[in-house]
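Take a look at the letters that make up each chain.
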Amino acid sequence: MDRIRIRGGNRLTGRLPISGSKNAALPLMATALLTDEPVTLTGVPRLADIRTMSALLGQHGVEIVDRSVQEPDEDRLGAVLELAAPKILSTTAPYDIVRKMRASVLVLGPLLARCGKAEVSLPGGCAIGTRPVDLHISGLEAMGAEVSIDQGYIHASVPAGRLKGARVVFPKVSVGATENLLMAAALADGETVLVNAAREPEIVDLGLCLQAMGARIEGLGTDTIHVQGVDRLSAARHPVIPDRIETGTYAMAAAIAGGDVLLQGARIDTLQAMVDILRRAGIAVTEEPDGFRVACAPGSVKGVDAMTEPYPGFPTDLQAQFMALMCTASGASMITETIFENRFMHVPELMRMGADITVHQSSVLVRGVESLTGAQVMATDLRASVSLVLAGLMARGETIVNRVYHLDRGYEELERKLSACGADIERIADDE
Ligand code: UD1
């Protein structure tokens, strides 16, 4: 298995291009199940999770063509994917694919809406918590689906033949459940109102694509979304929004390494909570015509507190990276995780690199230390893994990050992007 080797201490300077959003692209790909006409997505990041979603959709009958060669787009990274499902070949999402990626559950709503039935393997536990799918299921039941769980599979069907519009009140904000219900409601009979819906930019992006396909949706970006179901959806072409989590990760990389980096193509409006916190920590964040710039003199970061919350709050997917940044800040920082119950697996690894961290239930107290030291580290999820890369950028000596496959799930060309800005980072094959 490949590893990443980082020799810490280099400043980061220059331009770093931001890829299309993984978490936007995954539900956008699932929209192809809703129509027999092609959906074309541009700026799709080249990532392991996208390949997993392609494999899943492929066995459902979605034909996926990479049009990047015919349509090279020099301004944008990523692929141009055309997805077409003239016929649904299977309504079953098998365990072997779903276990690799929880977002596979996003095929449930579209399959039910188009075919009136679906069998989707339960995603099961994952490293960052139990992560149930009860909100997805109860929302679809409110729309007329009958759902049972048998032998690890969700078996869902629509006795009436077509899902019916309903008022769905989410007891808790869920990104995935909002996405599943939004896609299902687009083809349902009548009006669906999603109350306490997620407001993440990825939901807005999904809604815009559905609108381009002919869906009637109002209230995107607010906590109440109204959808008037239509009889059919049709072809559309849609650009995937820039990845705000990748952006935030590299913003913190620039700060941790005392650098000056232009995050090219990034959308500052999707990261306001993070930008406010970085500014309070003494980091300069300035908007530019083509993204935003993050600059910070070495050793000048101050400890500040952060609490994760649903959008527009500080994202849970940046909590680990922020903790890495706080490890060498002057003063202390209290970081509270409110979205997932078990999302501090990076803590022991950061401590092995010399960080001073105390965990108390859902909060951690980070007392800034002068510097970290390189070590062999590994993590059990994507964002925790990248937080160790960030720590390695500032650590003295060599850091080896194992289990690189986590990084490949969510960061397109991580080593190339960071080394182009001056980081000493490389991938090493296991036999080296
Ligand atoms: C998405 C993101 C993930 C991010 C998370 C929160 C994708 C592919 N993944 O995950 O990167 O960390 O949003 O911003 O977009 N919950 C329930 N019942 C449910 C569904 C969720 O209790 O049916 C709970 C979860 O356990 C969690 C919270 O709700 O505690 C939020 O989860 P949710 O917003 O659904 O996350 P995902 O959509 O899985």
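Scroll up a little and you will see the structure.
Residues numbered from 1 in each chain as written. Predicted model: local features only at pLDDT ≥ 70, side-chain atom pairs only at ≥ 80, totals over all residues. Heavy atoms only, no water.

Participant: Help me get a handle on the overall build of the protein, residues and values and all.
Facilitator: When you go through the protein residue by residue, the secondary structure sums to 14 helices and 24 strands. Taken over the C-alpha trace, the protein has a radius of gyration of 22 Å; the compact-globule value for 432 residues is 22 Å, and the two agree within 12%. Along the first, second and third principal axes, the C-alpha atoms of the protein reach 65 × 50 × 45 Å. Within the protein, residue pairs in contact and separated by at least 24 positions form 75% of the contacts whose partners lie at least 6 positions apart. Carbon and sulfur atoms make up 49% of the accessible area of the protein, which amounts to about 16,500 Å² in all. The positive charge centre, built from 41 side chains, and the negative charge centre, built from 53, are 1 Å apart in the protein. (Helix = DSSP H or I, 4+ residues; strand = E, 2+ residues; numbered from the N terminus. Rg over C-alpha atoms; globule rule 2.2 N^0.38 Å. Contact = heavy atoms within 4.5 Å. Areas by Shrake-Rupley, 256 points an atom, 1.4 Å probe, with all protein chains shown as cover. Lys, Arg positive; Asp, Glu negative; His and termini not counted. Charge placed at Lys NZ, Arg CZ, Asp CG, Glu CD.)

Participant: Help me get a handle on the packing of aromatic side chains, residues and values and all.
Facilitator: A full pass over the atoms with the stated rule returns two aromatic pairs. Taking the centre distance of 5.5 Å and the plane angle of 65° together, the rings of Phe 314 and Phe 322 count as edge-to-face. (Phe/Tyr/Trp six-rings, centres within 6.5 Å; stacked < 30°, edge-to-face > 60°.)

Participant: Describe the sheet that holds strand β11 (residues 191-195), naming the residues involved and giving the relevant values.
Facilitator: On the basis of which strands lie adjacent, the open sheet formed by four strands has the order β10-β11-β13-β12 and mixed pairing. The open sheet has two free edges, formed respectively by β10 (167-169) and β12 (216-218), since each of these has just one partner strand. Neighbour-to-neighbour, the strand axes of the sheet open up by a mean angle of 15°, direction not taken into account. Direction of pairing for β11 relative to strand β13 (residues 224-228): antiparallel, over a ladder of five bridges. Across the sheet, Leu 194 pairs through a bridge with Ile 225, a residue of β13. Contacts from helix α6 (residues 175-186) reach β10, β11, β12 and β13, with the element oriented near 25° to β13. (Pairing = 2+ DSSP bridges. Axes fitted to C-alpha atoms, helices over the stretch in contact; angles between N-to-C directions.)

Participant: Describe the environment of Gln 59, listing the residues and the values that go with them.
Facilitator: Mapping Gln 59 onto the fold places it in helix α2 (residues 48-60). Residues Gln 59 and Gly 116, spaced 57 residues apart in sequence, show a C-alpha to C-alpha distance of 18 Å. In this structure, Gln 59 is in contact with Leu 89, Ser 90, Thr 92, Ala 93, Pro 94 and Ile 97, ignoring residues within four places of it in sequence. At 3.1 Å, the side chain of Gln 59 forms a polar contact with the backbone oxygen of Leu 56. (Polar contact = N/O pair within 3.5 Å; in protein donor to acceptor, adjacent residues only side chain to side chain.)

Participant: Describe the pattern of salt bridges, and please don't skip the residues or the numbers.
Facilitator: The tally for this structure, following the rule as stated, stands at 25 salt bridges. Where Arg 293 meets Glu 288, a salt bridge forms, and the shortest distance between an N and an O atom there is 3.2 Å. For Arg 293, a relative accessible area of 27% puts it in the partly exposed group. The closest approach of N and O atoms between Glu 413 and Arg 416, which form a salt bridge, is 2.1 Å. Looking at Arg 416, the relative accessible area reads 46%, which means it is partly exposed. (Salt bridge = Lys/Arg side-chain N within 4 Å of Asp/Glu carboxyl O. Buried < 20%, exposed > 50% of the residue type's maximum accessible area, 1.4 Å probe, protein only.)

Participant: Describe the site of the ligand, listing the residues and the values that go with them.
Facilitator: In the vicinity of the ligand, 19 residues are found, and the nearest of them are Asp 134, Leu 135, Ser 174, Asp 317 and Ile 339. Here Leu 135 contributes a backbone N or O atom positioned 2.7 Å from an oxygen atom of the ligand. One of the side-chain N or O atoms of Asp 317 is found 2.6 Å from an oxygen atom in the ligand. Taken by itself the ligand offers 750 Å² of open surface, and the protein chains cover 88% of this. Secondary-structure elements contributing two or more residues to the shell around the ligand are α5 (134-142) and α6. For the shell around the ligand, the element with the most residues is α5, which contributes three residues. Across the shell around the ligand, the residue classes break down as eight nonpolar, five polar and six charged. (Near = heavy atom within 4 Å. Nonpolar A, V, L, I, M, F, W, Y, C, P; charged D, E, K, R; others polar.)

Participant: Requested: an account of the packing of helix α1 (residues 22-30) against helix α7 (residues 201-212), with residues and values cited.
Facilitator: Describing two packed helices takes the angle between their axes plus the distance from one axis to the other. Running from N to C, α1 and α7 cross one another at 35°; their axes reach a closest spacing of 9 Å. In this structure, α1 crosses over α7, and the sense of that crossing is right-handed. Across the interface between the two elements, Asn 23, Ala 24, Pro 27 and Leu 28 of α1 pack against Glu 202, Asp 205, Leu 206 and Cys 209 of α7. Of the residues belonging to the contact of α1 with α7, the class tally is five nonpolar, one polar and two charged. (Left-handed = near helix turned anticlockwise from the far one by under 90°.)

Participant: An account of the nonpolar core is needed here, citing residue identities and associated values.
Facilitator: By size, the foremost hydrophobic cluster in this structure holds 75 residues, and its most contacted members are Met 53, Leu 163, Leu 182 and Leu 210. If one sorts the elements of this core by residue count, α6 sits on top with seven residues. Residues contacting Met 53, with those up to four places away along its chain left out, are Leu 26, Met 29, Ala 30, Met 101, Ala 103 and Leu 106. In this structure, Ile 6, Ala 324, Leu 372 and Cys 421 belong to the second largest nonpolar core, which totals 74 residues. (Core = buried A, V, L, I, M, F, W, Y, C linked by side-chain atoms within 4.5 Å.)

Participant: Give me the lowdown on the sheet that holds strand β2 (residues 13-17), citing residues and values where you can.
Facilitator: The four strands lie next to each other as β2-β15-β17-β16, forming an open sheet whose pairing is mixed. Looking at which strands have only one partner, the edges of the open sheet turn out to be β2 and β16 (284-288). With strand direction ignored, the average angle separating the axes of adjacent strands in the sheet is 20°. Here β2 runs beside strand β15 (residues 260-264); their pairing, made up of five bridges, is parallel. Bridged to Gly 14 within β15 is Val 261.

Participant: Help me get a handle on the environment of Thr 222, residues and values and all.
Facilitator: Mapped onto the secondary structure, Thr 222 falls in the loop between β12 and β13. Sequence spacing of Thr 222 and Val 275 is 53 residues, and the spatial spacing of their C-alpha atoms is 21 Å. Beyond its immediate stretch of four places on either side in the chain, Thr 222 contacts Ala 197, Ala 198 and Arg 199. Separated by 3.0 Å, the side chain of Thr 222 and the backbone oxygen of Thr 224 make a polar contact.

Participant: Break down the environment of Ala 253 for me, with residues and values.
Facilitator: By the secondary structure assignment, Ala 253 is in helix α8 (residues 244-256). Separated by 242 residues in sequence, Ala 253 and Arg 11 have C-alpha atoms that sit 9.7 Å apart. Once residues lying within four places of it in the same chain are set aside, the contact partners of Ala 253 are Leu 12, Leu 390, Leu 393 and Leu 418.

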